[in-house]
Amino acid sequence: MKPVTTKLYMAALAITVTIFIGAFFISQYLNERKTSELKAIEDKIAIDILSFETQFDIFEESSCLTFNKSSIRSELQSLDQKLIFLEGQVGANDPEVFRLKRYYSLLQIRDYLLTKRMSEQCNFDTVFLLYFYSHENCPECQTQEYILRSVRDNYPQVEIYTFDYDVDLSAIRTLINLHNIPNNPPIIDINGKLYAPFKSFADIEVILKPLL
Amino acid sequence: MDFLQHIIVYFFLFVGIYFEVFILCAYLIHRKNIKADESRAFERTSDYPSVTIVVPVWNEEKTVGKTLESLFGLNYPKELLKITVVDDGSIDGTWNILQEYKTTYPHIEIYHKENGGKHTAVNYAIQRTTTDLIGCLDADSYVHPDTLKKLVCRFDDRAIMAVTPAIKIHNPKTYIQRIQTIEYAMGILFRKVIAIIGALHVTPGPFTIFRRTMFDEIGLFRHAHNTEDMEMAFRMQTHHLKIEDVHTAWVYTTGPNTVKKLYKQRVRWTYGFLRNVWDYKFLFLNARYGNIGLLTIPVAFTLIIGVVFSTTFFLFRISHFIQAKFIEWKTIGFHWPTIELNTFYLSAKQSILLTVFIFILMSTLAYNAQKLAKQPLHIRRTIMYFLTYPLISPFWILRSIYNVLLAKTTSWR
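Residues numbered from 1 in each chain as written. Chains lettered and ligands numbered in written order. Predicted model: local features only at pLDDT ≥ 70, side-chain atom pairs only at ≥ 80, totals over all residues.

Colleague: So, the overall build of chain B: which residues are in play, and what are the values?
Modeller: A tally of regular secondary structure across chain B gives 13 helices and eight strands. Against the compact-globule benchmark of 22 Å for 413 residues, chain B has a radius of gyration of 23 Å, which places it among compact chains. Summarising its shape, the C-alpha atoms of chain B cover approximately 80 × 45 × 40 Å along the three principal directions. A total of 413 residues make up chain B; the buried ones form 39% of that total. Contacts in chain B between residues at least 24 apart in sequence constitute 84% of all its contacts with a sequence separation of at least 6. (Helix = DSSP H or I, 4+ residues; strand = E, 2+ residues; numbered from the N terminus. Rg over C-alpha atoms; globule rule 2.2 N^0.38 Å. Buried ≥ 20, exposed ≤ 12 C-beta atoms within 10 Å, placed from the backbone. Contact = placed C-beta atoms within 7 Å.)

Take a look at the structure:
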């Protein structure tokens, strides 16, 4: 029987377990910080939208001249990217990420309604693109996301809003009902007209160009 | 499926970290003894045992001369040192060179036999010698003048049956040889620690010295999938024979100078390891055989399987990425990826943090290993080693497993 260095095995085990637990808590802490960062961005966007709404209510048509919500748009886009990243890190089922996503969807709807209202009152030719996707069983969603990214790059004047069809939020359900969105995402709604999944960027350009 | 994948990833991360922590702890605990070992006296006034150094050669006309010169330069009483060269059926000018050496240095013994493999050449010499100790030196390796004395003095302990040296890369010229200097330095530290806990699984071909009587007890070298030095260590461990390591006894070996040659050598080593593990499977997780059964073999085996898993996982992810890029290209054309420099996008996944920790531990080991091997600290080489080996080692590991599964044998060269 050869001697076995039991103490060494136990010490290495204790240290390894400590490293694992440490990594778990560091990971939790860093992800919580990221979540807090997103929460702060969402709060800022909420205040910005509320500020625009209030401004619009006070000055009515006269505020058309000063209407510029590019900062909200870039913040919403940045938030969208960060949410996608965080979702990939901690999983779509994480309750905090899910809550942030619901809040984000709500902010998008608020922004959509504000922009629509202002466009109508100020006679802006705004093109609204609503994209409904799903995380489950949606093989064509990836292609639509590439196309929308290209639209964002080439036609920055198009107002794009993306909604997860599966997020259980009454506001999204109302939007789905109002726009008669069928339950088979991906669905793209351009100025109230529904389109089946696009195959390429050229296909969507054909629709967008006459509207711009 | 995702859950299972998570379990597998964390299992391999756990084994990897556990082994590194174990080695580092063992090294730190024994550091004082290891330091004291460095200043241990090896010179004596008399009472040196007689030693035979066997040089098995096969088509080594370019290197055998230098190997012999390094043996002639050994700081050891000449009357007690026998150099035996066995030509294992060379078909180049090796035999002629050996005869020329014999004329100049008549005290060397040279033999010529039919080709039968390195172990047959070593056995041929062992059977014809009566010295107390026997060692072997490959014809592509060279020894430091004090190495033999440093190894021999350990045989004062009657229980010790073999003593292994510290192997370094000789005159590294190419990129592949330079990164091997880090690998070999780490090998010196690992072997030292593993030897302290009595769990060595290899008695390296270049210049391990054996007590001759040991061969009477457990037999000569056997054909063992071209890794006879590994099989000998396994056999010694099963007989509970003690193997010591001297990290200051330097032997220089010529490392493969191209990726192709390195690949071939490592396929032979990994294949040999797997076949020997199979031949000695009763050692696996067997506490009767101490730390070799509980640590060395299970960890090495698990890490080999871990490399297969991570390579498969990596290829799966890469194929997904390529597929996504292809769809993107088909849909919107080629787009350079835009990277937003923001700390938010630094991954905080537990598995990523643990992988970073593995590299921190590896760097700590590499630093200590280079200090222990008394070689200058090469930060760039260390980084290149860490970047290169994970990319190339899966190839030889996968090939070795393929060879094992299909019962394909590997060649020596």
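Colleague: Account for the sheet that holds strand S2 (residues 81-88) of chain B, with residues named and values stated.
Modeller: All names here are of chain B. Strand order in the open sheet made by the eight strands is S3-S2-S1-S4-S7-S6-S8-S5, with mixed pairing throughout. The sheet is open, and its two borders are formed by strand S3 (109-113) and strand S5 (141-143), each paired with just one other strand. On average, adjacent strands in this sheet sit at an angle of 30° to one another, irrespective of strand direction. In the sheet, S5 pairs with strand S8 (residues 242-253) via three bridges, with the strands oriented antiparallel. Its bridge partner being in S8, Tyr 142 is matched across the sheet by Tyr 252. (Pairing = 2+ DSSP bridges. Axes fitted to C-alpha atoms, helices over the stretch in contact; angles between N-to-C directions.)

Colleague: Break down the pairing of strand S1 (residues 128-133) of chain A for me, with residues and values.
Modeller: All names here are of chain A. Among the six residues in S1, five count as buried, and that is most of the element. Across six bridges, the pairing between S1 and strand S2 (residues 159-164) is parallel. Note that in S2 the partner of Leu 130 across the bridge is Tyr 161. A crossover links S1 with its parallel partner S2, the connecting element being helix H4 (residues 141-154), and its sense is right-handed. (Right-handed = clockwise from strand over helix to strand, strands pointing away.)

Colleague: Requested: an account of the interface of chain A and chain B, with residues and values cited.
Modeller: At the junction of the two partners, chain A supplies 31 residues and chain B supplies 30 residues. With 16 residues, the single largest contributor to the side of chain A that touches chain B is helix H1 (residues 6-59) of chain A. When its residues are assigned to classes, the side of chain A that touches chain B shows 18 nonpolar, nine polar and four charged. (Nonpolar A, V, L, I, M, F, W, Y, C, P; charged D, E, K, R; others polar.)

Colleague: Which residues make up the domain arrangement of chain A, and what values go with them?
Modeller: Residue and element names in this part refer to chain A. Per the domain assignment, the segments making up chain A are domain 1 (1-60 + 67-122) and domain 2 (125-212). Of note, the centres of domain 1 and domain 2, computed from C-alpha atoms alone, are 23 Å apart. Facing twelve residues of domain 1, the contacting portion of domain 2 comprises 13 residues. Considering each element in turn, the side of domain 1 that touches domain 2 owes the most residues, ten residues, to helix H3 (residues 95-122). Of the residues contributing to the side of domain 1 that touches domain 2, the split by class is four nonpolar, four polar and four charged. (Domains from an automatic or database assignment.)

Colleague: Which residues make up the packing of helix H9 (residues 228-238) of chain B against helix H10 (residues 259-279) of chain B, and what are the values?
Modeller: Residue and element names in this part refer to chain B. Interhelical geometry of H9 versus H10 gives an angle of 30° and a closest axis separation of 9 Å. When the interaxial angle is binned, H9 and H10 end up roughly parallel. Crossing of H9 against H10: the hand is right-handed. Taken together, the residues of H10 that come into contact with H9 (itself represented by Met 230, Glu 231 and Phe 234) are Gly 272, Phe 273 and Asn 276. For the contact of H9 with H10, the residue count by class is three nonpolar, two polar and one charged. (Parallel < 35°, antiparallel > 145°, perpendicular 65-115°, else oblique. Left-handed = near helix turned anticlockwise from the far one by under 90°.)

Colleague: Could you give an account of the packing of H10 of chain B against helix H13 (residues 379-405) of chain B, naming the residues involved and the relevant values?
Modeller: All names here are of chain B. It is at 8 Å that the axes of H10 and H13 come closest, and there the two elements cross at 45°. Taken together, the axes of H10 and H13 lie oblique to each other. Note on packing geometry: the crossing formed by H10 with H13 is right-handed. Facing Val 259, Tyr 263, Arg 266, Val 267, Thr 270, Tyr 271, Leu 274 and Arg 275 of H10, the residues of H13 in contact are Ile 392, Phe 395, Trp 396, Ile 397, Arg 399, Ser 400, Asn 403 and Val 404. By residue class, the composition of the contact of H10 with H13 is ten nonpolar, three polar and three charged.

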